[in-house]
Number of protein chains: 2
Amino acid sequence: MTNFYPLPLNETHDPDLKSWVESANGHPDFPIQNLPYGIFSVGREARRVGVAIGDYVLDVSALDGVFAPEVQDAFMQPTLNRFMGLGRACWQDTRLRLSELLRDDFPSPFESSPHLHHQSDVQMHLPFQVGDYTDFYAGIHHATRVGSLFRPDNPLMPNYKHVPIGYHGRSSSIVVSGTPITRPAGQILPDPAQPPIFAPSRRLDYELELGFVVSGGNDLGEPISIEQAREHLFGVVLLNDWSARDIQAWEYQPLGPFLSKNFATSISPWVVTFEALAPFRTAAFVRPPGDPSPLLYLQDERDRMLGGLDIHLTVSLQTQSMTEPQQISQSSATDLYWTPAQLLAHHTCGGCNLRPGDLLGSGTISGAAQQNAGCLLEITMGGKDPLPLASGETRCFLEDGDQVVLQGWCEKEGFARIGFGNCSGQVLPARQIEAAQTVEQ
Amino acid sequence: MTNFYPLPLNETHDPDLKSWVESANGHPDFPIQNLPYGIFSVGREARRVGVAIGDYVLDVSALDGVFAPEVQDAFMQPTLNRFMGLGRACWQDTRLRLSELLRDDFPSPFESSPHLHHQSDVQMHLPFQVGDYTDFYAGIHHATRVGSLFRPDNPLMPNYKHVPIGYHGRSSSIVVSGTPITRPAGQILPDPAQPPIFAPSRRLDYELELGFVVSGGNDLGEPISIEQAREHLFGVVLLNDWSARDIQAWEYQPLGPFLSKNFATSISPWVVTFEALAPFRTAAFVRPPGDPSPLLYLQDERDRMLGGLDIHLTVSLQTQSMTEPQQISQSSATDLYWTPAQLLAHHTCGGCNLRPGDLLGSGTISGAAQQNAGCLLEITMGGKDPLPLASGETRCFLEDGDQVVLQGWCEKEGFARIGFGNCSGQVLPARQIEAAQTVEQ
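Here the structure is a predicted model, which means the values were calculated and not measured. (Residues numbered from 1 in each chain as written. Chains lettered and ligands numbered in written order. Predicted model: local features only at pLDDT ≥ 70, side-chain atom pairs only at ≥ 80, totals over all residues. Heavy atoms only, no water.)

Draft legend 1. Just the packing of aromatic side chains, in detail. With the rule as written, the count across this model stands at 30 aromatic pairs over all chains. Between Y37(A) and F234(A), the ring centres sit 6.1 Å apart and the planes meet at 40 degrees, which makes this aromatic pair tilted. Here Y37(A) is found in strand β1 (residues 37-41), whereas its partner F234(A) is found in strand β14 (residues 233-240), with 197 residues between them in sequence. Summarising the burial analysis for this pair, Y37(A) and F234(A) share the class buried. Measuring from ring centre to ring centre gives 5.9 Å for Y160(B) and Y337(B), while their planes differ by 50 degrees; the resulting arrangement is tilted. Taken together, the residues span a long stretch of sequence, with Y160(B) in the loop between α4 (140-150) and β7 (166-168) and Y337(B) in the loop between β21 (326-332) and α7 (340-348) at a distance of 177 residues. Classification of Y160(B) as buried rests on a relative accessible area of 3%. Given the relative accessible area of 2%, Y337(B) is considered buried. An aromatic cluster of at least three residues, connected via ring pairs, comprises Y37(A), F67(A), F75(A), F83(A), W91(A) and F234(A). The cationic tip of R287(B) hangs over the ring face of W338(B); the distance from NZ or CZ to the ring centre is 4.8 Å. (Phe/Tyr/Trp six-rings, centres within 6.5 Å; stacked < 30°, edge-to-face > 60°. Helix = DSSP H or I, 4+ residues; strand = E, 2+ residues; numbered from the N terminus. Buried < 20%, exposed > 50% of the residue type's maximum accessible area, 1.4 Å probe, protein only. Lys NZ or Arg CZ within 6 Å of the ring centre and 35° of its normal.)

Draft legend 2. Molecular detail of the pattern of salt bridges. Using the criterion set out here, one finds 44 salt bridges over all chains in the structure. As a salt-bridge pair, E301(A) and R304(A) come within 2.8 Å of each other at their nearest N and O atoms. With E301(A) and R304(A) both in helix α6 (residues 301-306), this residue pair falls three residues apart, about one helical turn. D205(B) is the salt-bridge partner of R245(B), the closest N and O atoms lying 3.0 Å from each other. (Salt bridge = Lys/Arg side-chain N within 4 Å of Asp/Glu carboxyl O.)

Draft legend 3. Spotlight on the sheet that holds strand β5 (residues 123-125) of chain A. Residues and elements named next belong to chain A. Read from one edge to the other, the open sheet built from five strands follows the order β4-β3-β2-β1-β5, with strand pairing classed as antiparallel. Because the sheet does not close on itself, it has two edges, and the strands there are β4 (116-118) and β5. Here the average twist between neighbouring strands, direction ignored, is 45 degrees. Pairing analysis gives three bridges linking β1 to β5, with the strands arranged antiparallel. Within β5, the position partnered with I39 by the bridge is H125. (Pairing = 2+ DSSP bridges. Axes fitted to C-alpha atoms, helices over the stretch in contact; angles between N-to-C directions.)

Draft legend 4. Looking closely at the interface of chain B and chain A. Contacts between chain B and chain A engage 62 residues on the former and 62 residues on the latter. Surface buried jointly by chain B and chain A totals about 5900 Å² across both partners, of which 61% is contributed by carbon and sulfur atoms. Of all residues in chain B, H168(B), L255(B) and F258(B) give up the largest surface area on contact with chain A, accounting jointly for 14% of the area buried on that side. Along the contact surface separating chain B from chain A lie six salt bridges. A salt bridge links D358(B) to R170(A), with the nearest nitrogen and oxygen atoms 2.6 Å apart. Examining the composition of the side of chain B that touches chain A, we find that three residues originate from one element, β7(B), more than from any other. In terms of residue class, the side of chain B that touches chain A is built from 34 nonpolar, 21 polar and seven charged. (Contact = heavy atoms within 4.5 Å. Buried area = accessible area lost by both parts, 1.4 Å probe. Nonpolar A, V, L, I, M, F, W, Y, C, P; charged D, E, K, R; others polar.)

Draft legend 5. Representation of the pairing of strand β26 (residues 418-428) of chain B within the structure. Residue and element names in this part refer to chain B. Most of β26 sits out of view: eight of its eleven residues are buried. Alignment of strand β9 (residues 181-182) against β26, held across two bridges, turns out to be parallel. The residue bridging I181 from the neighbouring strand is V427, located in β26. Inspection of the sheet shows strand β25 (residues 403-410) paired to β26 by seven bridges, in the antiparallel sense. Each residue of the ladder has a partner; that of V404, found in β26, is G425.

Here it is, written out as structure tokens:
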């Protein structure tokens with residue numbers, strides 16, 4: 001096995017490891033091979049760092065003398081930013097230590113067990129303070145399918161296969177999974193022959209994405225090469241880039257999406273580290289014959305071999321008449337046209353400085369087939385083909401009360417399955433608009 | 001005089017006030033009627049709040065017992081964010097107190113004078129920590145002229161007069177005036193029949209803008225009405241939205257500008273408060289017959305009467321062969337199609353939350369005539385008509401070593417002139433690119 005890139009495999013990835021936390025063994029998301037980080041609190045206590053293990057959260061801030069002082073200090077912070085700033089060697093040491101501590105052969109688990117909280121007893125928070133949030137557009141099937149709705153003959157822009165297209169998103173409105181999403185109001189143009197109106201969005205959508213969390217930055221004017229990019233990436237979250245398609249269609253020219261996206265972006269509470277993901281690295285997207293080679297600053301042979309991520313993704317929807325979510329789509333991170341390292345190298349190639357806590361969205365991850373699309377805009381062909389649900393209902397776009405749940409996991413022969421948990425959000429009705437506002441003028 | 005909106009005039013605006021700091025009297029930017037805030041340091045001392053008065057900075061962090069404890073604490077911070085969070089009543093009290101303290105009839109100026117530093121002896125820093133940076137596109141002459149380069153028959157998009165067009169910018173690369181600007185490299189397409197290349201930008205430009213500084217935010221999902229918008233705005237800075245036109249042209253579709261803008265944005269070090277600007281409020285842009293009325297959420301009669309800003313603006317350029325900058329353009333903030341209150345109300349109308357320290361760029365402020373254009377792209381008609389300089393040189397776009405200086409001021413019969421100082425930056429050569437990268441592939 002090629003295990004020199006991007007990160008080494010070691011004893012923490014051994015599929016035979018078991019934990020004394022019994023619910024971890026065989027857990028679909030959080031076995032001892034995962035060990036993702038999050039920020040939690042219990043009751044009115046302070047926010048601090050926790051590690052998911054089975055159905056529990058280990059309060060790593062409470063373990064005296066287990067970690068180096070700078071790690072212990074970082075674990076007492078209300079965000080992961082300080083820990084992420086300690087660098088890969090420290091993260092690797094900490095992962096080893098955590099793995100030993102939670103293993104079933106650890107001699108004194110009782111010292112740790114009082115610091116286990118059942119996940120249903122804790123409140124999860126935004127895991128890191130986001131400096132800048134950038135959203136890319138690396139899902140080529142999404143870009144092609146959405147482009148074809150607007151430009152059937154020429155769905156992909158000429159730049160798409162050369163430039164990792166991205167734009168700046170809004171960091172203030174990034175929220176943790178579980179936060180309700182108020183339907184936004186905005187300018188929409190229901191009838192192109194009439195002036196726009198101000199009204200609640202009628203075409204509210206989700207977007208299935210991954211978020212790549214930047215750990216360490218660069219100075220302004222100093223690009224990060226693709227070879228160095230992996231040193232600047234800490235982990236991965238699920239990301240729902242909620243989108244109001246009608247607001248987007250009217251506002252986006254010429255400077256891109258703005259209010260159609262900035263009302264909320266949800267991320268999962270657990271950051272799965274690139275160390276945990278090491279067994280699931282895979283080849284970058286294989287460019288079909290005729291596609292251009294990436295420019296040199298986006299080329300790295302090892303990244304081409306193992307820079308991709310083999311992550312399975314699903315979207316489930318629960319309407320108010322359902323008793324549980326129904327899966328409506330599945331796709332794979334292998335359908336991303338650009339690797340995380342390429343996104344990061346591109347982001348900085350002109351000198352833009354990244355900071356710890358910056359978040360890079362992948363763009364909507366859709367498969368080649370319609371049923372593998374990562375948003376309703378694609379699934380329903382722009383709202384023309386309603387999606388039938390098991391409840392007998394249909395959906396073109398999201399309705400009030402609908403809950404969207406993103407899930408992601410990795411599985412591979414010879415390794416334990418690890419997962420991301422849920423990234424969920426329920427749509428609340430739009431804020432009341434004064435009657436005068438809704439009159440078509 | 002209508003002085004009830006947006007802020008009252010009071011004794012601090014009296015044009016006859018004089019200061020015991022003699023250089024303030026008749027100073028073009030910083031008379032006692034201005035009192036802008038900035039962050040400065042001397043040598044290796046800590047960053048703290050200062051107020052510009054004449055040629056000096058008053059170290060307001062060092063004045064014991066002059067201000068309320070929360071103000072004194074805020075003045076000892078390394079950014080203005082805490083002070084901005086104290087709210088308008090506090091800012092107004094503080095302005096009154098500063099005005100009294102610096103007046104020529106103040107009984108004991110010697111208590112303050114040791115805390116005066118000549119501006120040439122201090123280092124200025126970024127005045128506030130920027131949460132999110134949004135750049136609008138409210139300069140209608142700029143939008144029209146740039147649009148006409150691409151779409152001669154239909155320069156303005158159909159949404160322009162309805163939607164205050166804006167997009168999210170990059171907050172990490174906002175720098176204070178004086179910071180050198182490294183020419184960015186990126187993907188450009190010199191020959192549309194050939195693939196793109198990675199090379200230093202050949203079409204580097206400035207953009208003359210104002211930045212509106214947000215003081216207090218709103219909760220996610222809770223819009224700020226246009227009537228309330230002024231309570232959330234602290235002050236104004238000059239802003240240079242450096243732009244790489246060749247990178248922009250190739251990357252911007254379909255999601256807007258990204259690397260072409262995020263390599264640097266310069267702002268002036270002194271934040272001129274909306275209190276200081278009160279005498280210079282003026283009518284909003286008068287929409288010509290045929291233009292649509294703003295939708296109701298962007299309408300406020302008082303904002304229409306006095307929501308604009310009468311600020312004169314100039315751009316000067318100093319090439320390496322010049323001994324001083326040459327003015328190459330002048331324009332006016334009265335040419336903004338939308339008021340600051342409209343921009344803020346629009347930004348939040350879908351529920352997006354603002355935070356103290358958020359920065360709203362106005363967009364490039366150009367006049368109706370070509371010589372009043374706020375960027376070289378417009379002045380040179382997309383690089384086709386070189387701008388002749390007094391030195392005998394010409395410019396289509398910026399060359400290495402060029403320094404761009406933005407200036408802004410307000411003057412009006414019956415009031416003292418106040419100004420913003422400089423927002424300057426010099427272009428440094430691009431970082432060396434490995435030879436292999438520059439080969440056209």
